[in-house]
Amino acid sequence: LQKEGNIPERDMYNTYNMGVGMAVIVTKETADKAVEAYRKACDLDPKGAFKSKKSTMDGIKAIKQIYTNNGINKYLLQKYDAAAADFEKALSLSDFPKDPKDTASIDGMIAYYGGLSAYQAKNYNKARNFFNSSIEQKYEVGRSYHHLYLIKMDEGKKDEALKIIQDAYNKYPQEESLLYDVIN
C-alpha cells in the first residue's frame, strides 16, 4: 500500500497505527473474559504465532498482575479462599510465553502467597500444591517447607511433619528457618 500509493512512512504510521498490533485494557471484572478470549485466539492459531507476539505477552502480563493484586488485596481483607483462587488464576497463565525482560511476574512468588492464602483458609491440599510449586521454583524455600511442616502438624501427623523438616534441612542446610524448625 505504501509503495503503490507513494505514501511517506510517517503518514503510514499515523494513519494505520503500525507497530502497536493490539492494545488490551482490562479491569478486574473483565479479566476472566479476557483470558478466555486469549485462549480462544491461541486455539484458532495452530502455528502459535499469536501466543508469542509481544502484544499478547504484554496483555497476559497485565492480566496476571490484576489477578496477583486482587489476591494480595483479598489476603489483606482476610478473604483467604478468594485470595488463593486469584493466585491460582494468575499461575494458570504461566503456560503463555513470557517476555524475557519481564521480571515483574515471578511465578514462585505467586505460588508462595497462594500457599499462604490457602493455608490460612485451611485448604491444605491447595496450600501443599502452592508451596511445592514455590519450592520447585526456588522461591522462599525454607518458609515453604516450614508451612508444609505446619500443615502436617495441623493435621496431627507429627512424624510426617518432622520428616518434611529433616529432609528439607538435608537439602537446604543454609536455610535459617529450617534450622529453627529442626532445633524446635
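Our structure is the block above this text.
In this report, we go over the structure that sits alongside the text. On a predicted model such as this, the values are computed, not experimentally measured, just so you know. (Residues numbered from 1 in each chain as written. Predicted model: local features only at pLDDT ≥ 70, side-chain atom pairs only at ≥ 80, totals over all residues. Heavy atoms only, no water.)

Section: the overall build of the protein
Then, number 1: Counting secondary structure elements, the protein contains 10 helices and 0 strands.
Then, number 2: In sequence order, the protein lays out its α and β elements as α-α-α-α-α-α-α-α-α-α.
Then, number 3: Every one of the 184 residues in the protein was classed for burial, and the buried ones make up 36%.
Then, number 4: A separation of at least 24 residues holds for 53% of the contacts in the protein among residues at least 6 apart in sequence.
Then, number 5: For the protein, the exposed surface amounts to about 11600 Å²; the carbon and sulfur share of it is 51%. (Helix = DSSP H or I, 4+ residues; strand = E, 2+ residues; numbered from the N terminus. Buried < 20%, exposed > 50% of the residue type's maximum accessible area, 1.4 Å probe, protein only. Contact = heavy atoms within 4.5 Å. Areas by Shrake-Rupley, 256 points an atom, 1.4 Å probe, with all protein chains shown as cover.)

So, the pattern of salt bridges
Then, number 1: Applying the stated criterion to the full structure yields 10 salt bridges.
Then, number 2: Of the charged contacts in the structure, one is a salt bridge between D32 and K89, with a shortest N-O distance of 3.1 Å. Linking D32 in helix α3 (residues 31-43) with K89 in helix α5 (residues 80-92), this pair joins segments that are 57 residues apart in sequence.
Then, number 3: K89 sits in the partly exposed class, given a relative accessible area of 30%.
Then, number 4: For K74, the salt bridge is made with D86, and the minimal N-O distance between the two is 2.6 Å. Placement of the pair is K74 in helix α4 (residues 54-76) and D86 in helix α5, with a sequence separation of 12 residues.
Then, number 5: Note on D86: relative accessible area 4%, which makes it buried. (Salt bridge = Lys/Arg side-chain N within 4 Å of Asp/Glu carboxyl O.)

Some details on the packing of aromatic side chains
Then, number 1: A full pass over the atoms with the stated rule returns 8 aromatic pairs.
Then, number 2: Between Y145 and Y172, the aromatic rings sit 6.1 Å apart at their centres with planes inclined by 45°, giving tilted as the arrangement. Residue Y145 is located in helix α8 (residues 141-154), and its partner Y172 is located in the loop between α9 (158-171) and α10 (176-183); the two are separated by 27 residues in the primary sequence.
Then, number 3: A relative accessible area of 15% means that Y172 is categorised as buried.
Then, number 4: Taken together, the ring pairs connect Y112, Y113, F131 and Y139 into an aromatic cluster.
Then, number 5: Here K51 stacks its cationic end above the ring of F96, 5.5 Å away from the centre of that ring. (Phe/Tyr/Trp six-rings, centres within 6.5 Å; stacked < 30°, edge-to-face > 60°. Lys NZ or Arg CZ within 6 Å of the ring centre and 35° of its normal.)

Looking at the nonpolar core
Then, number 1: In terms of nonpolar packing, the biggest core is built from 38 residues, with I63, Y67, L93, F130, F131, Y145 and I151 touching the most fellow members.
Then, number 2: At the level of elements, α3, α4, α5, α6 (107-120), α7 (124-136), α8 and α9 are the ones that each hand at least two residues to this core.
Then, number 3: The leading source of residues in this core is α6, at 6 residues.
Then, number 4: Those residues within four positions of F130 in sequence are excluded, and the remaining contacts are A84, F87, E88, L91, A111, G114, G115 and A118. (Core = buried A, V, L, I, M, F, W, Y, C linked by side-chain atoms within 4.5 Å.)

Some details on the packing of α9 against α10
Then, number 1: Two elements in contact, α9 and α10, have axes separated by 9 Å at closest approach and are oriented at 140°. Looking at the two axes, α9 sits oblique to α10. Viewed along their axes, α9 and α10 form a crossing whose handedness is left-handed. Along the contact surface, α9 presents I165, Q166, A168 and Y169, while α10 presents L178, L179, D181 and V182.
Then, number 2: A per-class count over the contact of α9 with α10 returns 6 nonpolar, 1 polar and 1 charged. (Axes fitted to C-alpha atoms, helices over the stretch in contact; angles between N-to-C directions. Parallel < 35°, antiparallel > 145°, perpendicular 65-115°, else oblique. Left-handed = near helix turned anticlockwise from the far one by under 90°. Nonpolar A, V, L, I, M, F, W, Y, C, P; charged D, E, K, R; others polar.)

Description of the environment of Y38
Then, number 1: Mapped onto the elements, Y38 comes out in helix α3.
Then, number 2: We classify Y38 as buried; its relative accessible area is 4%.
Then, number 3: Sequence separation between Y38 and F96 is 58 residues; the distance between their C-alpha atoms is 9.7 Å.

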